[in-house]
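Each chain, letter by letter, is given below.
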Amino acid sequence: MIRTSVFAFVISASICTSPAMAQDDGAYVELAGGITAANDSDYDSQTDPDIEGTIEWNSGFDLAAAAGYDFGTFRVEGEIALKEHSFDRVVSGTDVLESGPDLVLDLTTWSFMANALADFGDEDGIQGFVGGGVGLASTEIDIRDTRSGNNDRDNDTDSGFAWQLLAGVSAPVSDSVAVGLKYRYFNQGDISYIISDDDDFNTDFSSHSILAFARLNF
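Numbers given to residues run from 1 along each chain, matching the order in which its sequence is written. Per-residue local features of the predicted model are confined to residues with pLDDT of at least 70, and side-chain atom pairs are confined, for both listing and counting, to 80 or more; whole-chain, interface and lining totals are unaffected and use all residues. Just so you know, side-chain values use all the structure's heavy atoms and leave hydrogens and water out.

Chemist: How should the overall build of the chain be read in this particular structure?
Modeler: The helix and strand inventory of the chain stands at 1 helix and 11 strands. Think of it this way: any DSSP run of H or I at least four residues long counts as a helix, any run of E at least two long counts as a strand, and we number them from the N terminus. Walking the chain from its N terminus toward its C terminus, one meets helices and strands in the order α-β-β-β-β-β-β-β-β-β-β-β. A buried classification covers 38% of the 218 residues belonging to the chain. For the chain, the exposed surface amounts to about 11600 Å²; the carbon and sulfur share of it is 60%. Buried, partly exposed and exposed residues are distinguished by accessible area as a fraction of the type maximum, computed with a 1.4 Å probe on protein chains only: under 20%, between the cut-offs, and over 50%, respectively. What sets the accessible areas is the Shrake-Rupley method with a 1.4 Å probe; for residues, cover comes only from the shown protein chains.

The following block contains the structure:
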């Protein structure tokens, strides 16, 4: 009787102290969110070569959802993400235009990416991953200007090719759930906007994001 009790205690203790082992093969979904810092965007006019400058952006947010398949050491996934920034100031030569309550310029980017990622490390502990993706991004610029007493508003959207680089770490918290942090570099080039039906402006957009995420394996 004593031996049976001791054996049952050992088995119970082993189960309670076993490390979490996230499933390493199969389908998964992932939700992520964090902060993003945009690089300065240079712009120029298609009709007037004297009009050019740089837009400096405030930090913004980055939200993402992905679904994919884990092959063990290699994963593929489809991802949709939303990034938003507001401008800090526009510098054109010696002229500086500061943001304020009467002048707002917002940038909203939706991206639809196909990612490929390589995992490395202990699947029962902290794991690292690196990868990248390509896809389509749609970026909208929204300008609200009330400095003249009017409520002037212009917006335009341009879509095009985008690419990104990813790297991060994760750790299992249960047999089916892992949490972690990842870095994203995102780039959408050759963006064109029509402002006030007067001119076409060329610019680009790129950003650096740090995101926390949770991944559910099936």
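Picking up after the structure, the text goes on.
Chemist: What is the right way to read a negative patch on the surface from this model?
Modeler: On the surface, a cluster of negative charge is contributed by Asp-40, Asp-42, Asp-44, Asp-50, Glu-52, Asp-190 and Asp-204. Position of Asp-42 among the secondary structure elements: in strand β2 (residues 41-45). Residues qualify for a patch when their relative accessible area is over 30% and they have no salt bridge, like charges being joined within 9 Å and the nonpolar side chains of Val, Leu, Ile, Met, Phe, Trp and Tyr within 5 Å. By salt bridge we mean one thing: a side-chain nitrogen of Lys or Arg within 4 Å of a carboxyl oxygen of Asp or Glu. Charge assignment in this entry is limited to Lys and Arg as positive and Asp and Glu as negative, and neither His nor the chain termini are counted. Positions of charges follow a simple convention, taking NZ of Lys, CZ of Arg, CG of Asp or CD of Glu.

Chemist: Looking at this structure, I do not really get the nonpolar core. What am I missing?
Modeler: In these notes, a set of buried Ala, Val, Leu, Ile, Met, Phe, Trp, Tyr and Cys residues joined through side-chain atoms within 4.5 Å is what counts as a nonpolar core. Counting 19 residues, the largest nonpolar core has Trp-57 and Phe-87 as the members making the most contacts within it. Counting only elements with at least two residues in this core, the list comes to β3 (52-57), β5 (74-92), β7 (103-121), β8 (127-145), β10 (177-195) and β11 (199-217). Apart from the residues lying within four places of it in its own chain, the contact partners of Phe-87 are Ile-55, Glu-56, Trp-57, Asn-58, Leu-97, Glu-98, Ser-99, Leu-103, Val-104 and Leu-105. Only heavy atoms matter for contacts: two residues are in contact if any of them lie within 4.5 Å across the pair.

Chemist: So what exactly am I meant to see when it comes to the packing of aromatic side chains here?
Modeler: Where two aromatic rings form a pair, the distance of their centres and the angle of their planes describe that pair. Pairing of aromatic rings covers Phe, Tyr and Trp, the last counted by its six-membered ring, and requires centre-to-centre distances within 6.5 Å; plane angles under 30 degrees mean stacked, over 60 mean edge-to-face, and any other angle means tilted. Taken as a whole and judged by the stated rule, the model has 5 aromatic pairs. When the ring of Trp-163 is compared with that of Tyr-185, the centres are 5.4 Å apart and the planes differ by 55°; the resulting orientation is tilted. Taken together, the positions of Trp-163 in strand β9 (residues 152-172) and Tyr-185 in strand β10 put the pair 22 residues apart, joining distant regions of the chain. By relative accessible area, Tyr-185 is classed as buried at 16%.

Chemist: Honestly, the pairing of strand β6 (residues 95-98) in this entry has me stumped. Any pointers?
Modeler: Regular strands have side chains that alternate between both faces of the sheet. Pairing between two strands requires that DSSP report at least two bridges joining them. Of the strand pairs in this sheet, β5 and β6 are connected by 4 bridges, and their pairing is antiparallel. Each residue of the ladder has a partner; that of Arg-89, found in β6, is Glu-98. Hairpin remark: β5 followed by β6, antiparallel, with 2 residues in the connecting loop; positive phi at Gly-93, about 65°.

Chemist: Quick question: what am I supposed to make of the pattern of salt bridges here?
Modeler: If the charged atoms of two oppositely charged side chains come close together, the side chains can form a pair. If you walk through the whole model with that rule in mind, you get 9 salt bridges. One salt bridge in this structure joins Arg-89 and Glu-56, with 2.8 Å as the shortest N-O distance. With a gap of 33 residues between them, Arg-89 in strand β5 and Glu-56 in strand β3 connect regions that are remote in the sequence. The residue Arg-184 makes a salt bridge to Glu-79 at a minimum N-O spacing of 3.0 Å. Taken together, the residues span a long stretch of sequence, with Arg-184 in strand β10 and Glu-79 in strand β5 at a distance of 105 residues.

Chemist: Can you walk me through the side chain of Glu-79 in this structure?
Modeler: Residue class for Glu-79 comes out buried when judged on its relative accessible area of 4%. We call two N or O atoms a polar contact when they sit within 3.5 Å, provided that within protein one can donate a hydrogen and the other can accept it, with sequence-adjacent residues counted only if both atoms are side-chain atoms. At 3.0 Å, the side chain of Glu-79 forms a polar contact with the side chain of Arg-184. In contact with Glu-79, not counting residues within four places along its chain, are Ala-64, Ala-65, Ala-66, Ser-111, Phe-112, Met-113, Asn-115, Gln-164, Lys-182 and Arg-184.

Chemist: What exactly am I supposed to notice about a nonpolar patch on the surface here?
Modeler: Among the surface-exposed residues, Ile-35, Ile-126, Val-169, Leu-181, Tyr-183 and Ile-210 lie close enough to one another that they form a single nonpolar patch of about 590 Å² accessible area. Residue position: Leu-181 is located in strand β10. Here Leu-181 falls in the partly exposed class, since its relative accessible area comes to 48%.

Chemist: I'm lost on the environment of Ile-210 in this one. Help?
Modeler: Looking at where Ile-210 falls in the secondary structure, it is placed in strand β11. Residue Ile-210 is classed as partly exposed on the basis of its relative accessible area, which comes to 46%. Through-space distance from the C-alpha of Ile-210 to that of Tyr-185 is 9.3 Å; in sequence the pair is 25 residues apart. Residue contacts for Ile-210: discarding those within four places in its chain leaves Gly-33, Gly-34, Ile-35, Lys-182 and Tyr-183.

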